[in-house]
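Topology and contacts: notes
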Amino acid sequence: MSKPTPSTEARDLRALLAAVLEALTLPYDSPDYDRRVLERAALARTTVGPALAEASADLGWNVDYLRQKLTAEEAEAAERERNRCRRCSTPFDPADTRFDGRARHGDSPWCRWCVDNCHDGGAEHVCRICDPKRYGGEGR
Ligand SMILES: [Zn+2]
Ligand SMILES: [Zn+2]
(Lines give C-alpha, C1' and ligand atoms only; values in the text may rest on other atoms or scores of the structure.)
(Ligands and ions follow the chains in the order given, each with its own letter.)
Protein backbone atom coordinates (compact mmCIF):
# COMPACT_ATOMS: atom_id res chain seq x y z
CA MET A 1 0.00 0.00 0.00
CA SER A 2 1.63 3.27 -1.08
CA LYS A 3 1.73 6.28 1.16
CA PRO A 4 -0.94 8.70 0.00
CA THR A 5 0.03 12.18 -1.08
CA PRO A 6 -1.39 14.90 1.17
CA SER A 7 -3.96 15.82 -1.45
CA THR A 8 -5.24 12.26 -1.70
CA GLU A 9 -5.53 12.13 2.03
CA ALA A 10 -7.40 15.43 2.15
CA ARG A 11 -9.77 14.20 -0.52
CA ASP A 12 -10.43 10.96 1.36
CA LEU A 13 -10.97 12.81 4.62
CA ARG A 14 -13.49 15.06 2.93
CA ALA A 15 -15.24 12.00 1.55
CA LEU A 16 -15.33 10.50 5.03
CA LEU A 17 -16.73 13.71 6.50
CA ALA A 18 -19.38 13.81 3.79
CA ALA A 19 -20.36 10.22 4.56
CA VAL A 20 -20.57 11.00 8.29
CA LEU A 21 -22.69 14.06 7.58
CA GLU A 22 -24.96 11.93 5.45
CA ALA A 23 -25.17 9.36 8.24
CA LEU A 24 -26.29 11.96 10.75
CA THR A 25 -28.74 13.70 8.45
CA LEU A 26 -32.29 12.38 8.29
CA PRO A 27 -35.44 14.35 7.59
CA TYR A 28 -36.97 15.16 10.99
CA ASP A 29 -40.28 13.71 9.92
CA SER A 30 -38.79 10.30 9.08
CA PRO A 31 -40.71 7.59 10.84
CA ASP A 32 -38.56 6.18 13.62
CA TYR A 33 -36.33 9.26 13.55
CA ASP A 34 -34.82 8.78 17.03
CA ARG A 35 -34.08 5.14 16.59
CA ARG A 36 -32.65 5.58 13.11
CA VAL A 37 -30.45 8.52 14.00
CA LEU A 38 -29.02 6.58 16.94
CA GLU A 39 -28.35 3.61 14.72
CA ARG A 40 -26.68 5.79 12.11
CA ALA A 41 -24.60 7.61 14.73
CA ALA A 42 -23.37 4.22 15.91
CA LEU A 43 -22.41 3.31 12.34
CA ALA A 44 -20.50 6.58 11.98
CA ARG A 45 -18.71 5.95 15.29
CA THR A 46 -17.65 2.43 14.36
CA THR A 47 -16.28 3.79 11.08
CA VAL A 48 -14.56 6.95 12.23
CA GLY A 49 -12.87 5.35 15.27
CA PRO A 50 -10.88 2.82 13.23
CA ALA A 51 -10.40 5.34 10.41
CA LEU A 52 -8.54 7.62 12.83
CA ALA A 53 -6.48 4.74 14.19
CA GLU A 54 -5.52 3.19 10.86
CA ALA A 55 -3.17 4.22 8.13
CA SER A 56 -4.64 7.04 6.12
CA ALA A 57 -4.32 4.97 2.94
CA ASP A 58 -7.35 3.00 4.19
CA LEU A 59 -9.63 6.02 4.45
CA GLY A 60 -11.26 5.28 1.13
CA TRP A 61 -12.14 1.83 2.38
CA ASN A 62 -13.73 3.32 5.51
CA VAL A 63 -15.85 5.63 3.38
CA ASP A 64 -17.08 2.75 1.25
CA TYR A 65 -17.80 0.72 4.36
CA LEU A 66 -19.87 3.48 5.96
CA ARG A 67 -21.82 4.09 2.75
CA GLN A 68 -22.63 0.40 2.45
CA LYS A 69 -23.84 0.34 6.05
CA LEU A 70 -26.02 3.40 5.43
CA THR A 71 -27.58 1.79 2.37
CA ALA A 72 -28.33 -1.32 4.43
CA GLU A 73 -29.82 0.80 7.20
CA GLU A 74 -32.10 2.57 4.71
CA ALA A 75 -33.28 -0.75 3.31
CA GLU A 76 -34.02 -2.07 6.78
CA ALA A 77 -35.94 1.06 7.71
CA ALA A 78 -38.00 0.82 4.49
CA GLU A 79 -38.70 -2.82 5.23
CA ARG A 80 -39.87 -1.96 8.76
CA GLU A 81 -42.18 0.70 7.29
CA ARG A 82 -43.69 -1.78 4.85
CA ASN A 83 -44.41 -4.17 7.68
CA ARG A 84 -46.29 -2.00 10.06
CA CYS A 85 -49.53 -0.10 10.20
CA ARG A 86 -49.26 3.42 8.81
CA ARG A 87 -51.80 4.73 11.24
CA CYS A 88 -50.72 3.32 14.60
CA SER A 89 -47.15 2.31 13.64
CA THR A 90 -47.57 -1.09 15.25
CA PRO A 91 -45.68 -3.84 13.40
CA PHE A 92 -48.05 -6.22 11.64
CA ASP A 93 -48.48 -9.55 13.34
CA PRO A 94 -49.69 -11.99 10.65
CA ALA A 95 -50.69 -14.47 13.36
CA ASP A 96 -53.08 -12.02 15.02
CA THR A 97 -56.01 -12.38 12.64
CA ARG A 98 -58.76 -11.47 15.07
CA PHE A 99 -61.14 -8.87 13.59
CA ASP A 100 -59.36 -6.30 15.75
CA GLY A 101 -55.96 -8.00 15.68
CA ARG A 102 -52.62 -6.66 14.55
CA ALA A 103 -52.49 -8.54 11.25
CA ARG A 104 -52.55 -6.48 8.06
CA HIS A 105 -56.08 -5.68 6.86
CA GLY A 106 -56.16 -7.25 3.41
CA ASP A 107 -53.65 -5.52 1.14
CA SER A 108 -54.08 -2.21 2.92
CA PRO A 109 -51.29 -0.44 4.81
CA TRP A 110 -53.44 -0.63 7.95
CA CYS A 111 -53.83 -3.17 10.71
CA ARG A 112 -57.13 -4.85 11.44
CA TRP A 113 -57.39 -3.09 14.78
CA CYS A 114 -57.27 0.37 13.16
CA VAL A 115 -59.75 -0.52 10.43
CA ASP A 116 -62.10 -1.97 13.03
CA ASN A 117 -61.65 1.22 15.01
CA CYS A 118 -62.84 3.21 11.96
CA HIS A 119 -65.96 1.09 11.68
CA ASP A 120 -66.69 1.64 15.37
CA GLY A 121 -65.81 5.31 15.29
CA GLY A 122 -69.24 6.85 14.82
CA ALA A 123 -70.22 9.85 12.70
CA GLU A 124 -67.56 12.27 13.94
CA HIS A 125 -64.70 9.78 13.77
CA VAL A 126 -62.00 10.87 11.33
CA CYS A 127 -58.51 9.45 10.95
CA ARG A 128 -55.90 9.06 8.27
CA ILE A 129 -57.60 5.90 7.05
CA CYS A 130 -61.03 7.49 6.67
CA ASP A 131 -59.76 10.83 5.41
CA PRO A 132 -56.31 10.41 3.88
CA LYS A 133 -56.37 13.86 2.25
CA ARG A 134 -56.60 15.64 5.54
CA TYR A 135 -53.57 13.73 6.76
CA GLY A 136 -51.41 14.48 3.77
CA GLY A 137 -52.23 11.43 1.67
CA GLU A 138 -51.83 7.78 2.23
CA GLY A 139 -48.08 7.93 2.62
CA ARG A 140 -48.04 9.22 6.18
ZN1 LIG B 1 -52.99 0.18 13.15
ZN1 LIG C 1 -60.82 6.02 10.78
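Right, let's walk through the structure included here.

1. Observations regarding the environment of Glu-79
As for its position among the elements, Glu-79 is in helix α3 (residues 59–82). Looking at Glu-79, the relative accessible area reads 38%, which means it is partly exposed. C-alpha of Glu-79 to C-alpha of Arg-35: the two residues are 44 residues apart in sequence and 15 Å apart in space. Within the structure, the side chain of Glu-79 is placed 3.0 Å from the side chain of Asn-83, a separation counted as a polar contact.

2. Digging into the coordination of the zinc ion (ligand 2)
Binding of the zinc ion (ligand 2) to the protein goes through Cys-118 (SG), His-125 (NE2), Cys-127 (SG) and Cys-130 (SG), at separations of 2.1 to 2.3 Å. Classification of the site at the zinc ion (ligand 2) rests on its 4 donor atoms, whose angles at the metal span 102 to 118°, yielding the label tetrahedral. For the zinc ion (ligand 2), the donor residues sit on a single chain with the sequence spacing C-x6-H-x1-C-x2-C.

3. Considerations on the packing of helix α1 (residues 6–23) against α3
It is the contact of α1 with α3, at a shortest axis distance of 9 Å, that shows an interaxial angle of 15°. Classified by the angle between their axes, α1 and α3 sit roughly parallel to one another. Note on packing geometry: the crossing formed by α1 with α3 is left-handed. Facing Glu-9, Asp-12, Leu-13, Ala-15, Leu-16, Ala-18, Ala-19, Val-20, Glu-22 and Ala-23 of α1, the residues of α3 in contact are Leu-59, Gly-60, Asn-62, Val-63, Leu-66, Arg-67 and Leu-70.

Cut-off values and rules
- Residues numbered from 1 in each chain as written.
- Chains lettered and ligands numbered in written order.
- Predicted model: local features only at pLDDT ≥ 70, side-chain atom pairs only at ≥ 80, totals over all residues.
- Heavy atoms only, no water.
- Helix = DSSP H or I, 4+ residues; strand = E, 2+ residues; numbered from the N terminus.
- Buried < 20%, exposed > 50% of the residue type's maximum accessible area, 1.4 Å probe, protein only.
- Polar contact = N/O pair within 3.5 Å; in protein donor to acceptor, adjacent residues only side chain to side chain.
- Donors = N, O, S within 2.8 Å, 3.2 Å for Na, K, Ca; no water.
- Tetrahedral: all angles 85-135°; square planar, octahedral: opposite > 155°, others 65-115°.
- Axes fitted to C-alpha atoms, helices over the stretch in contact; angles between N-to-C directions.
- Parallel < 35°, antiparallel > 145°, perpendicular 65-115°, else oblique.
- Left-handed = near helix turned anticlockwise from the far one by under 90°.
- Contact = heavy atoms within 4.5 Å.

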